[in-house]
Structure formats: C-alpha cells, structure tokens
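What the coordinates show
Below, each chain spelled out in residue letters.
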Amino acid sequence: MPDVVDDTACGPLRKIIHIDMDAFYASVAQRDDPALRGRPVIVAWHGPRSVVCAASYEARRYGVRSAMPASRAARLCPDGIFVPPDFTRYRAVSAQIHAIFERYTDLIEPLSLDEAYLDVTRNKPGLPTATAVARAIRAEIHAATALTASAGVAPNKYLAKIASDWRKPNGLFVIQPAEVDAFVAVLPVSRLPGVGRATEARLATLGATTVAELRAFAREALVARFGRYGQRLHELARGVDERPVVAHRPVQSISAEQTFEQDLSPAQIDAELPALADQVWRAAAHAERVGRTVVLKLKTSDFRLLSRHVTPQRHPRSAADVLDLGRRLLARMPQIPAVRYRLAGLGLANFVDLDDARQPALFDPVEASTSASVAGTSANDGEAR
C-alpha cells in the first residue's frame, strides 16, 4: 500500500488525521539532554512501586514498555537511564503542538498531551488533501520542537488511529476510502477498539481471530453474545465509525492517585486522603463545571480494584467537603483487618454546568450510592507509543 496517495476524491466523506508524538516523554528528555540521545531512556519516578511512564525506542528494544513496573524495566534493560517525569515541560511542548493544529482546523480532539484527532475535511490553509495537511503539520512540529510525530489519515477516527501506528516512529500512513474494506479484513481482531484479551479469547472460541472471520457473524449473533458492544463489533469489522471529532470536550471527571512504597492499612489510607483531596480541589478550581459525585478507589496488595462513590444533595464546595465524603466512602469499604492497599485514588465525577448545579434538588439526596468493582491492574498514561 503506498505511503501517500491522492485523497481529493473523498467527496463528502470526512478526512480525519490522528497525530501521535513518538515516545513523547522520553523524546523530550533526549532533546533537552544531548547525553541521552541514542541511549535507552526510561521515564519513571524513583521508588520500588514506580511504573514506567515512557521508554525511548532504544529502551523498547529490550522489552521495556509503558506501565510496567520500573523494577522490571531495570532488569530488562540494565543499562537503561532512568529520568523522572517533567510534566511542566511536557505541557509546554504540548501547547506548542496544539497551537500548530489550530493553524489547520478548529476541530481538534485532544486525547492526551501527545496525541489528538483532527477533522480536516475543510482545512484553514486550503490544502488540497488531508495527506498534504498531515505532511505540513508533521513538518511544523519538527521545526518548532525538534521532535517527530507520526500521523494516520483515514475516513474515520478508529482507522486514523490504527494508521498512525502503522509506520512509527516518524511515519505517515494513509487509508483511502476505497481501501478500507481490504485493509480492515486482514487485521487481527485485537486491533479493533475495545477488544482486550478477554474479548479476543471469546472471539477466538468462535473461530474469529481476524476481522474477515468476524464478518461471518451476523449483527444479531454478535449482539446476543456481546450485548451492545456486539453492534459496535459489527460496525468496526466493516470499517464503520461514525464518531465525530469533538472539540473542547467538557470536563467529566478529575482525580488524584497515590501508589505507596509500602502497602497501607485503612487507618493509614485515611491519613493520606487530605493530600489527595487538596490535589483534586486545586485541579477542579480550573474547571468551568462542577463535580457532583465523589469517588474513592483503592487497589489491594493483590491488585483487586475497589471503588465507592457518593452523590450528595449539595455538590462539594471545598477540599474539606471532598475529604469528608472520601472518608465516609472509606468507612464503607470492606472492613477486613488483614487487607492492605497499595494505591488510593480520590476524585470528582458527574460534572455539570454551573447553572445546572445551582438548580434545587428534585429528589432526596443520594447519600448511600456506592459501587464496587474488581479488576486487574491497569495503567493509562497517554504516552505509550
């Protein structure tokens, strides 16, 4: 499949670009410190419980990946150079990159500091193709930041995201509308959004390991086995994704987490909650919306994830309110003396516009609304490419 092809014949179809910076955190460190260039750089905090935030491509050759324990990364890559994250620098570079995006379109959907979707069906400079826009953006990013970005161009978001990963690092890949059917057919089902290991295993038992094999199943059969996601699977298998690029997505949740060097008892967790409540409230102060629900998340020493939430009649108005509700939720966690926790998280969710938050409650307060879940360990730092 050619790297760049003319896409002027797309007609009314959307032209979507997914831009993804290459090993962003590690690349910023290598850019700013010449001694790190060409070396295996691992971005992680110090400490036995630290996890890898990012790894340079030199470190990835040793099997180092984002979200793995830093101790394991050190074993895999004994010569790896560990550098602490510097989010002040990352945000500054991200602002430069997003300013470049805005020269080409206002339809920008940031996914993290280092990646975004752009709808360039109509672009500000009037460039003739989405491929030309992607080329121009990548060139501007490199000129302004001395960093490389990979880009995928396609008629929809999910294919653009797959395409941006196709020729990493520093690559450009285009999926034309006429090529969608053949391109998607040969993909393993694991490349479809939402297909994790469990769903992949379930599909394998049905004999569907590739998208072409998945297409043999009728929509009704997939819905019967996978519920609403079955409808989504049916569409993805045919290259369909109608989700628009959403600019200026409103705040939905804000949270703060802390992984502890040693597992803590519930009483010790209680002592950590004031700092988390303060972090959450300081972040919420910058939001133009109001969080109505407080969420507490704990991860046990054996990696079980427990969560509780409460929506009071009056939304939290201070860090003290968040802390008070967080402590009430902690009291509702299983009271098992032997249980210890490796992580605690506190957050605000269920954000609404300020005018809506001022409306009087129509029903009694939901003071005892709680939920619990058990899940394996997970991480998402937005910087795994």
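First, a word on what this report is: a plain description of the structure on this page. (Residues numbered from 1 in each chain as written. Predicted model: local features only at pLDDT ≥ 70, side-chain atom pairs only at ≥ 80, totals over all residues. Heavy atoms only, no water.)

**Digging into the overall build of the protein**
In terms of helices and strands, the protein carries 14 helices and 12 strands. The buried share among the 385 residues of the protein stands at 45%. For the protein, the proportion of contacts with a sequence separation of at least 24, taken over those separated by at least 6, is 67%. (Helix = DSSP H or I, 4+ residues; strand = E, 2+ residues; numbered from the N terminus. Buried < 20%, exposed > 50% of the residue type's maximum accessible area, 1.4 Å probe, protein only. Contact = heavy atoms within 4.5 Å.)

**What about the pattern of salt bridges?**
All told, the structure shown has 19 salt bridges when counted by the stated rule. With a closest N to O distance of 2.8 Å, Asp 32 and Arg 31 form a salt bridge. Given a relative accessible area of 37%, Asp 32 falls into the partly exposed group. One salt bridge in this structure joins Arg 282 and Asp 278, with 3.0 Å as the shortest N-O distance. In this pair, Arg 282 and Asp 278 are both assigned in helix 12 (residues 266-284), four residues apart and thus about one turn of the helix distant. One continuous salt-bridge network, built from bridges that share partners, spans Arg 31, Asp 32, Asp 86 and Arg 89. (Salt bridge = Lys/Arg side-chain N within 4 Å of Asp/Glu carboxyl O.)

**A short note on the pairing of strand 10 (residues 289-300)**
Across the 12 residues that make up strand 10, a large majority, nine, are buried. With 11 bridges joining them, strand 10 and strand 12 (residues 341-353) adopt antiparallel strand pairing. When the bridges of strand 12 are listed, Leu 296 appears paired with Leu 346. When strand 10 meets strand 11 (residues 305-310), the two strands line up antiparallel, connected through six bridges. Looking at strand 11, one finds that Val 295 is bridged to His 309. Counting the residues between successive antiparallel strands, the hairpin from strand 10 to strand 11 contains four residues, one of them, Phe 303, with a positive phi of roughly 70 degrees. (Pairing = 2+ DSSP bridges.)

**A word on the sheet that holds strand 6 (residues 115-119)**
The strand order across the open sheet built from five strands is 5-6-1-7-8, with neighbouring strands paired in mixed fashion. Looking at strand neighbours, the two that pair on one side only are strand 5 (108-112) and strand 8 (172-174), the edges of this open sheet. Averaged over all pairs of adjacent strands, the angle between strand axes in this sheet comes to 15 degrees, irrespective of strand direction. Alignment of strand 5 against strand 6, held across four bridges, turns out to be antiparallel. Across the sheet, residue Ile 108 finds its bridge partner in strand 6, namely Leu 118. Contacting strand 1 (16-21), strand 5 and strand 6, helix 4 (residues 87-101) runs over the sheet at an angle of about 160 degrees to strand 5. (Axes fitted to C-alpha atoms, helices over the stretch in contact; angles between N-to-C directions.)

Everything listed here is a matter of coordinates, which is why it stays silent on function.
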